[in-house]
Structures are given as structure tokens and as C-alpha cells.
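# Descriptive analysis of the structure
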Amino acid sequence: MKYLYNIYQLCVALPVTILMTILTAIEVGLGCTFGNGHFWGYYPGRWWAKVITRVFLLPVKVTGQEHLEPNQSYVFVANHQGAFDIFLIYGFLRRNFKWMMKHQINKIPFVGYACRKSHQIMVDKRGVGKVRRTYESARNILKNGNCSVVVFPEGARSFTGHMGVFKKGAFALADELQLPVVPLTINGSFDVMPRQRDWHFARWHRLSLTIHQPVYPIGQGLQNVQATMHQSYDSVMSALVPEYQGFVENPDQ
């Protein structure tokens with residue numbers, strides 16, 4: 001079955017992924033230029049992610065949608081297991097949001113173009129001024145309402161499937177704007193395509209996304225940032241499968 005799945009990827013899944021990526025990038029670019037950027041900056045990407053997940057024949061289970069309120073902005077924080085985290089969250093979270101992503105994604109053909117046109121938030125740490133502009137972009141998006149942000153607070157994909165440490169940037173942003181933080185637990189992405197296998201064949205595995213109850217601010221300031229971060233970390237960890245429970249240091253952090 002493994003070899004049949006690899007042949008299927010080569011002949012079907014990969015060509016569809018490339019074609020969908022090019023068409024979606026063009027659609028996002030034109031839509032955001034001439035139409036409603038709030039719509040075109042999100043929905044084509046959502047459909048793109050769902051199609052790619054389905055074309056790889058990966059079953060998806062989502063739990064916890066009932067924890068989210070309509071028209072409420074959130075700061076979503078998730079563990080970062082692998083490349084398919086993007087498809088899982090984009091395709092199945094069912095909330096209009098912007099990504100906080102590494103600025104290097106700008107260099108990916110078509111993907112970088114679509115991200116720029118849809119005003120995704122590029123995290124650039126090459127200087128204090130660039131970091132400040134990153135968070136100003138996030139503040140503006142969240143203040144406008146009815147849009148959220150998604151952050152991987154580990155800052156990098158796991159090498160082991162286990163979680164590393166959370167950085168406080170996302171939680172400081174939520175504290176400043178007094179917004180709830182929603183922890184997300186991803187399972188299965190590391191098994192589909194771990195970091196060590198980038199640009200290799202994917203492996204078939206179930207994907208799951210657990211949406212936890214929002215963590216609301218208990219005040220404002222450092223104490224709230226730390227409390228929110230620790231509670232979010234514990235929530236994400238609690239839903240990981242036993243194989244990936246426990247902290248493992250990520251040297252890339």
C-alpha cells in the first residue's frame with residue numbers, strides 16, 4: 001500500500017497541489033486587488049487547503065467548534081508538528097484569520113505572492129523596527145474586528161513531534177488588546193510529513209484538530225501574559241496523543 005500511495009501522490013496529488021497553488025495564488029491576488037480583501041484573502045486559501053488535504057486522502061477530525069463565538073476575534077495558538085499543519089488549520093478551523101508567519105515564506109513562488117496580496121502578517125526579526133511593524137500589522141487586523149490571527153508560538157516545527165517552549169509574543173498581543181486566546185492541538189501532521197522528510201513522499205495518517213476553550217484575560221500586564229501562556233500550553237499538551245506527550249527541547253527555537 002505504501003508504494004501504491006507514493007505512485008498516487010506522484011501522478012495525482014502532487015500535480016493537483018501544484019496546479020491548485022498556482023490558480024489559488026492568482027485568484028487571491030486578483031480578488032484582493034479588485035474585490036473584497038476580507039473575503040478573497042481567506043476563502044480561496046481555505047478551499048485550497050481542503051482540496052489538498054482531500055487529494056492526499058487524509059481523514060480529518062475536528063472537535064471543539066462549539067467553543068467559538070460568532071464575530072469574536074481570537075488569537076489562536078497551535079503546536080507546530082509539520083507542513084500539513086497549514087492545510088489542517090486553514091481548511092478546517094472555519095474562522096476568517098490571518099497567519100503570523102516567517103518572512104522567508106515570501107520567497108516561495110506563488111505562495112509568497114498570495115500571502116503578500118492577502119496581507120498575511122510576516123514576522124521579520126531582522127531588527128527592532130521590523131519586529132515593531134509586525135505587531136502593528138497584527139494589532140490593526142485584530143482591532144478591525146471579525147478577524148483573528150493564528151500563531152505557532154513555538155516559532156518552528158518540531159523535530160520530534162513533541163512540543164518545545166512557547167514564546168510570549170502572541171500572548172503579549174492578546175494581553176494588549178484584551179482578546180481571548182484559543183489553544184489548538186494538532187495531531188497526525190508529524191506522522192504525515194515530519195520536518196526531516198520535507199520534499200519527500202507524504203505518509204498516510206489521520207489528522208485531528210482540537211479546539212480548546214478560550215483562555216480569557218484575567219487582567220492586563222505580565223502576570224496575565226504568563227498565566228495565559230501557561231494555561232494555553234497545558235491545554236495544547238493535554239490533547240496530544242500519548243506518543244508525543246511531554247516537553248522535548250527544539251534546537252531550532
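First, a word on what this report is: a plain description of the structure on this page. Worth saying up front: this structure is predicted, and the values here are computed from it rather than measured.

## With respect to the overall build of the chain
Within the chain, the regular secondary structure consists of 9 helices and 7 strands. Reported as C-alpha extents along the three principal axes, the dimensions of the chain are approximately 55 × 50 × 40 Å. Out of the 253 residues belonging to the chain, those deemed buried represent 49%. With the model as given, the accessible surface of the chain reaches about 12500 Å², and the carbon-plus-sulfur share is 60%. When the 26 positive and 15 negative side-chain charges of the chain are each reduced to one mean point, those points stand 7 Å apart.

## Thoughts on the packing of aromatic side chains
The tally for this structure, following the rule as stated, stands at 19 aromatic pairs. Relative to Tyr-90, the ring of Trp-48 has its centre 6.4 Å away and its plane inclined at 80°; by these criteria the two rings are edge-to-face. Taken together, the positions of Trp-48 in helix α3 (residues 43-55) and Tyr-90 in helix α4 (residues 84-92) put the pair 42 residues apart, joining distant regions of the chain. A single burial state applies to Trp-48 and to Tyr-90, both of which are buried. With centroids separated by 6.0 Å and ring planes inclined at 20°, the aromatic side chains of Phe-166 and Phe-171 adopt a geometry described as stacked. Relative accessible area serves as the criterion here: at 10%, Phe-166 is assigned to the buried category. For Phe-171, a relative accessible area of 1% corresponds to the buried category.

## Side note on the pairing of strand β7 (residues 207-211)
For β7, a buried count of 5 out of 5 residues is recorded, marking the element as mostly surrounded by other parts of the structure. The alternating pattern of β7 places Leu-207, Leu-209 and Ile-211 on one face and Ser-208 and Thr-210 on the opposite face, and all of these are buried. Inspection of the sheet shows strand β1 (residues 60-63) paired to β7 by 4 bridges, in the parallel sense. Pairing of Val-60 across the sheet is with Leu-207, part of β7. One ladder, built from 4 bridges, connects strand β6 (residues 181-187) with β7; its direction is antiparallel. Residue pairing in the sheet places Asn-187 in a bridge with Ser-208 of β7.

## Let's talk about a nonpolar patch on the surface
A cluster of nonpolar side chains, contributed by Leu-10, Leu-14, Ile-18 and Phe-201, occupies part of the molecular surface with about 360 Å² of accessible area. Mapped onto the elements, Ile-18 comes out in helix α1 (residues 2-34). You can call Ile-18 partly exposed: its relative accessible area is 47%.

## Some words on helix α9 (residues 222-238)
With 17 residues, α9 should reach 24 Å at 1.5 Å per residue; the first-to-last C-alpha distance of 24 Å fits that figure. When α9 is considered as a whole, its buried residues turn out to be Asn-224, Val-225, Thr-228, Met-229, Ser-232, Tyr-233, Ser-235, Val-236 and Met-237. Lining the buried residues of α9 we find β2 (75-78), α7 (169-177) and β6.

## Description of unusual backbone geometry
A positive phi is found at Asn-71, a non-glycine position, where the angle reads about 65°. Of note, Asn-71 is situated in the loop between β1 and β2. Unlike most non-glycine residues, His-119 shows phi in positive territory, near 60°. Locating His-119 in the fold gives a position in the loop between α5 (111-117) and β4 (121-123). Since its relative accessible area comes to 59%, His-119 is described here as exposed.

## Overview of the side chain of Thr-228
Looking at where Thr-228 falls in the secondary structure, it is placed in helix α9. With relative accessibility at 6%, the residue Thr-228 sits in the buried group. The contacts of Thr-228, once residues within four sequence positions are left out, are Phe-171, Val-181 and Val-215.

Parameters and conventions
- Residues numbered from 1 in each chain as written.
- Predicted model: local features only at pLDDT ≥ 70, side-chain atom pairs only at ≥ 80, totals over all residues.
- Heavy atoms only, no water.
- Helix = DSSP H or I, 4+ residues; strand = E, 2+ residues; numbered from the N terminus.
- Buried < 20%, exposed > 50% of the residue type's maximum accessible area, 1.4 Å probe, protein only.
- Areas by Shrake-Rupley, 256 points an atom, 1.4 Å probe, with all protein chains shown as cover.
- Lys, Arg positive; Asp, Glu negative; His and termini not counted.
- Charge placed at Lys NZ, Arg CZ, Asp CG, Glu CD.
- Phe/Tyr/Trp six-rings, centres within 6.5 Å; stacked < 30°, edge-to-face > 60°.
- Pairing = 2+ DSSP bridges.
- Patch = residues over 30% accessible without salt bridge, like charges linked within 9 Å, V, L, I, M, F, W, Y side chains within 5 Å.
- Salt bridge = Lys/Arg side-chain N within 4 Å of Asp/Glu carboxyl O.
- Expected span 1.5 Å × (residues − 1).
- Contact = heavy atoms within 4.5 Å.

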